[in-house]
Amino acid sequence: MGSVAETERTLYPYVTGSSVVAIKYKDGILMAADMGGSYGSTLRYKSVERVKPIGKHSLIGASGEISDFQEILLYLDKLILNDKMWDDGNSLGPKEVHNYLTQVMYNRRNKFNPLWNSLVLGGVKNGQKYLGTVNMIGVNFEDNHIATGLGNHLARPILRDEWHENLTFEEGVKLLEKCMRVLLYRDRSAVNKIQIAKMTEEGATLFPPFSLKTYWEFSAFKNPTTGAEGSNSFKYRTTYFTRNAPNKNTHKHDPFLLFEINNSHIQFSVPFAPFNSHYSTKAPSRSYRRRVRNRLLKSSKPTLDQAQFQLALSQLPPRFTPQELCKAIAHEHDPFVCLELFHWASQQPRFRHDVSTFHVTIKKLGAANMYQEMDDIVNQLLAVPLIGSEALFNSVIYYFTQARKLTRAVNVFKHMKSSRNLNCCFRPSIRTYNILFAAFLGRGSNTHINHVYMETIRCLFRQMVNDGIMPDIFSLNSMVKGYVLSNHVNDALRIFHQMGVVYDCQPNALTYDCLIHGLCAQGRTNNAKELCCEMKDKGFVPSSKSYNSLVNSLALGGEIEEAVNYLWEMTDKQRSADFITYRTVLDEICRRGTIQEGMRFLQELQEKDLVDGHAYRKLLYVLEDDYGNSVSRIDSDLALTHPISKKMLS
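Residues numbered from 1 in each chain as written. Predicted model: local features only at pLDDT ≥ 70, side-chain atom pairs only at ≥ 80, totals over all residues. Heavy atoms only, no water.

### Section: the overall build of the chain
Stage number 1. Helices and strands together make up the secondary structure of the chain, namely 27 helices and 16 strands.
Stage number 2. The 650 residues of the chain split such that 44% are buried.
Stage number 3. Considering only residue pairs separated by 6 or more positions, the chain has 63% of its internal contacts joining residues 24 or more positions apart.
Stage number 4. Here the chain displays about 35500 Å² of accessible surface, and carbon together with sulfur accounts for 52% of that area. (Helix = DSSP H or I, 4+ residues; strand = E, 2+ residues; numbered from the N terminus. Buried < 20%, exposed > 50% of the residue type's maximum accessible area, 1.4 Å probe, protein only. Contact = heavy atoms within 4.5 Å. Areas by Shrake-Rupley, 256 points an atom, 1.4 Å probe, with all protein chains shown as cover.)

### Brief notes about helix 17 (residues 473-485)
Stage number 1. Under the 1.5 Å per step criterion, the end-to-end length of helix 17 is 18 Å for 13 residues, consistent within 8% with the ideal 18 Å.
Stage number 2. Listed as buried for helix 17 are Ser475, Leu476, Asn477, Ser478, Met479, Val480, Gly482, Tyr483 and Val484. (Expected span 1.5 Å × (residues − 1).)

### A word on the side chain of serine 553
Stage number 1. Relative to the assigned elements, serine 553 resides in helix 21 (residues 544-556).
Stage number 2. The exposure class assigned to serine 553 is buried, which follows from its relative accessible area of 9%.
Stage number 3. Those residues in contact with serine 553, other than ones at most four positions away along the chain, are Cys520, Gly523 and Thr525.

### Some thoughts on the environment of valine 139
Stage number 1. Within the secondary structure, valine 139 sits in the loop between strand 9 (128-134) and strand 10 (140-142).
Stage number 2. Since its relative accessible area comes to 46%, valine 139 is described here as partly exposed.
Stage number 3. Placed 37 residues apart in sequence, valine 139 and threonine 102 show a C-alpha to C-alpha distance of 7.6 Å.

### Focus on the packing of helix 18 (residues 489-501) against helix 19 (residues 509-521)
Stage number 1. Interhelical geometry of helix 18 versus helix 19 gives an angle of 155° and a closest axis separation of 10 Å. Between helix 18 and helix 19, the crossing angle belongs to the class labelled roughly antiparallel. The handedness of the crossing between helix 18 and helix 19 comes out as left-handed. Of the residues in helix 19, those in contact with Val489, Ala492, Leu493, Phe496 and Met499 of helix 18 are Thr511, Tyr512, Leu515, Gly518 and Leu519.
Stage number 2. Split into classes, the residues belonging to the contact of helix 18 with helix 19 amount to eight nonpolar, two polar and no charged. (Axes fitted to C-alpha atoms, helices over the stretch in contact; angles between N-to-C directions. Parallel < 35°, antiparallel > 145°, perpendicular 65-115°, else oblique. Left-handed = near helix turned anticlockwise from the far one by under 90°. Nonpolar A, V, L, I, M, F, W, Y, C, P; charged D, E, K, R; others polar.)

### Notes on the packing of aromatic side chains
Stage number 1. Taken as a whole and assessed by the stated rule, the structure comprises 13 aromatic pairs.
Stage number 2. Measuring from centroid to centroid gives 5.3 Å for tyrosine 398 and tyrosine 399, while their planes differ by 65°, and the two rings are edge-to-face.
Stage number 3. Residue classification places tyrosine 398 among the partly exposed residues on the basis of a relative accessible area of 35%.
Stage number 4. Overall, the relative accessible area of 13% leaves tyrosine 399 in the buried class.
Stage number 5. When the centroid spacing of 5.4 Å and the interplanar angle of 70° are considered together, the rings of phenylalanine 496 and tyrosine 512 count as edge-to-face. One end of the pair, phenylalanine 496, is in helix 18; the other, tyrosine 512, is in helix 19, with 16 residues separating them in the sequence.
Stage number 6. Take phenylalanine 496: its relative accessible area is 8%, and that puts it in the buried class.
Stage number 7. Grouped by ring-pair contacts, the aromatic residues Tyr25, Phe169 and Phe207 constitute a single cluster.
Stage number 8. A cation sits over an aromatic face here: lysine 198 above phenylalanine 169, 4.9 Å from the ring centre.
Stage number 9. Residue placement shows lysine 618 over the ring face of phenylalanine 579; its charged tip is 4.4 Å from the ring centre. (Phe/Tyr/Trp six-rings, centres within 6.5 Å; stacked < 30°, edge-to-face > 60°. Lys NZ or Arg CZ within 6 Å of the ring centre and 35° of its normal.)

### Let's talk about the nonpolar core
Stage number 1. In terms of nonpolar packing, the biggest core is built from 92 residues, with Ile362, Leu567 and Phe601 touching the most fellow members.
Stage number 2. Within the second largest apolar cluster, 20 residues are counted, among which are Tyr25, Ile158, Leu175 and Leu176. (Core = buried A, V, L, I, M, F, W, Y, C linked by side-chain atoms within 4.5 Å.)

### Quick notes on the sheet that holds strand 11 (residues 145-147)
Stage number 1. Strand order in the open sheet formed by five strands is 11-2-3-12-13, and the pairing between neighbours is antiparallel. Because the sheet does not close on itself, it has two edges, and the strands there are strand 11 and strand 13 (203-206). Strand after strand, the sheet turns through a mean of 15° between neighbouring axes, direction not considered.
Stage number 2. With three bridges joining them, strand 2 (residues 20-25) and strand 11 adopt antiparallel strand pairing. (Pairing = 2+ DSSP bridges.)

### Description of the pattern of salt bridges
Stage number 1. Under the criterion given, the structure shown has 17 salt bridges.
Stage number 2. With a shortest N-O distance of 2.9 Å, lysine 536 and glutamate 569 are connected by a salt bridge. Of the two residues, lysine 536 is situated in helix 20 (residues 525-537) and glutamate 569 in helix 22 (residues 560-572); the sequence distance between them amounts to 33 residues.
Stage number 3. The class of lysine 536 is partly exposed, set by a relative accessible area of 24%.
Stage number 4. Taken together, the shared-partner salt bridges in this structure form one network comprising Asp375, Lys405 and Arg408. (Salt bridge = Lys/Arg side-chain N within 4 Å of Asp/Glu carboxyl O.)

### Looking at a nonpolar patch on the surface
Stage number 1. Taken together, the side chains of Tyr12, Tyr14 and Tyr39 define a hydrophobic patch exposed on the protein surface, amounting to about 420 Å² of accessible area.
Stage number 2. By the secondary structure assignment, tyrosine 14 is in the segment before strand 1 (15-17). (Patch = residues over 30% accessible without salt bridge, like charges linked within 9 Å, V, L, I, M, F, W, Y side chains within 5 Å.)

### Regarding the pairing of strand 12 (residues 194-200)
Stage number 1. Among the seven residues in strand 12, six count as buried, and that is most of the element.
Stage number 2. Pairing geometry for strand 3 (residues 28-34) and strand 12, over six bridges, is antiparallel. Looking across to strand 12, one finds that leucine 30 is bridged to lysine 198.
Stage number 3. Inspection of the sheet shows strand 12 paired to strand 13 by four bridges, in the antiparallel sense. Bridge pairing in strand 13 places threonine 200 opposite glycine 203.
Stage number 4. Joining the antiparallel neighbours strand 12 and strand 13 is a turn of two residues.

Here's what the structure looks like:
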């Protein structure tokens, strides 16, 4: 009656981790997991630690929902702290922790509020090795080797074949690497960033993350759907029919004809499969066609023009300087030749690339959308200490943001800010921050997504001001736009009022447009009208977006006359209204007034040549759907008195 219900943690997993693999070896326990965190099917996070030490004797790994794993770690922290408070010289071992976790998971399952995790708990105490697991509904067991997720299907067969009790540490690590490599090949949620931990009598050791050596040239990886049902490895063409069976040699050289079904009177030439075949006769799916198109684009990727490359080499002097190489690369239009020139120069004795050669090569590759090759050049650049310039790193960040590689862009930004570069000339500038602001604001129009990225933009802005870099109008407009997109209009207004006072920067037309749109979206039409008047007093003309927002907001708020006045003002200033604006005003006029007034408004739009025949008919059909035959009668009367209406309807 008066009790407070328990807070629900997770009704459905959002950010999840994949498999965990653990084994016993000669001296203790080894556990491995990758560091990926998937948001649905998107690998959103790539540095999530899912293996943690618990107390003195235990090690835990988790797959499933990351937030629930964090909740479990809080439970275990309280358990270990309570155990230490007894100060009796004893400590909880892995078996006790495993039993505790089993009770927690089963208890939450009985409350229909489970923790969406599969846990692996291993440890060593008093020379006894222990390895157990428990899933989200409390099912638990102990074994010599354990895997969760897809690892339970793909890694356990390997462990059954190759595990034995006397595994050394090196052999155990190799076995875990083999299992994680198989999971990397087969599990879409796996990433090539692995962390291994061990637990012995001396305690827990978490090793730094590393990447596995992989090989992707297997034929099954290149063409994974060969011979599969629905595969487009067969030529696909619409089935056709030919009466009075022709000569068999007719289709002898037809590459599309794969099967022939003969009958006494009719021959069906079926290019995809016979009707009694186990292959599908359906058209390929959209995802399959996309994969085929991507493979085709990769296979048709242009190659190096050797003649052009040799011509470019012949134009370089025997002992060329970086400036001469930079000039040669800048004059080349083929990005493959530019890349080959860069690599060729790297192998020449007594030659070292400088800022200019790195910069021109990165610009050529970025402009050609060769982001993978550009990434390799950037890695070489970052490996060379104390080389770079502000313009060079700004170009790198810009092209990474164009390739939607925000993580790489942020890493380059951190490289610019690192303490060892304090005396260098490539500290972040206002241009650097503006590139990052534009990238984070371009992630979409979803309010929740913009809310997440706005926190990053806010931290960057604060960091910029703390570093003594004064924001310009682009930076301030980015803050205003970000706050508006994330539905924090009051914060946007705060930045607007601080522009002239704090930052000595006057707002421009874009500032007012963003604020007017945000205020109208929240129904604050009075504030929006005040800003619009202030904008016009300063000589700015509101954009089409501002006028459309104002007209829609005023119409929906019942201020029909003022909405129509802004609509006419909008057309007088050569700003175009969209179909939604016309429809909103028309609907509100009919709903709050009469249908005759709505038809007169529509007639006025027509007379001012603001809508064409197609838009006029669409608006008329909307009224007919809402108000029925009365619209048709009124419209027919108008058509008799106005020849223009008659012409538009015809």
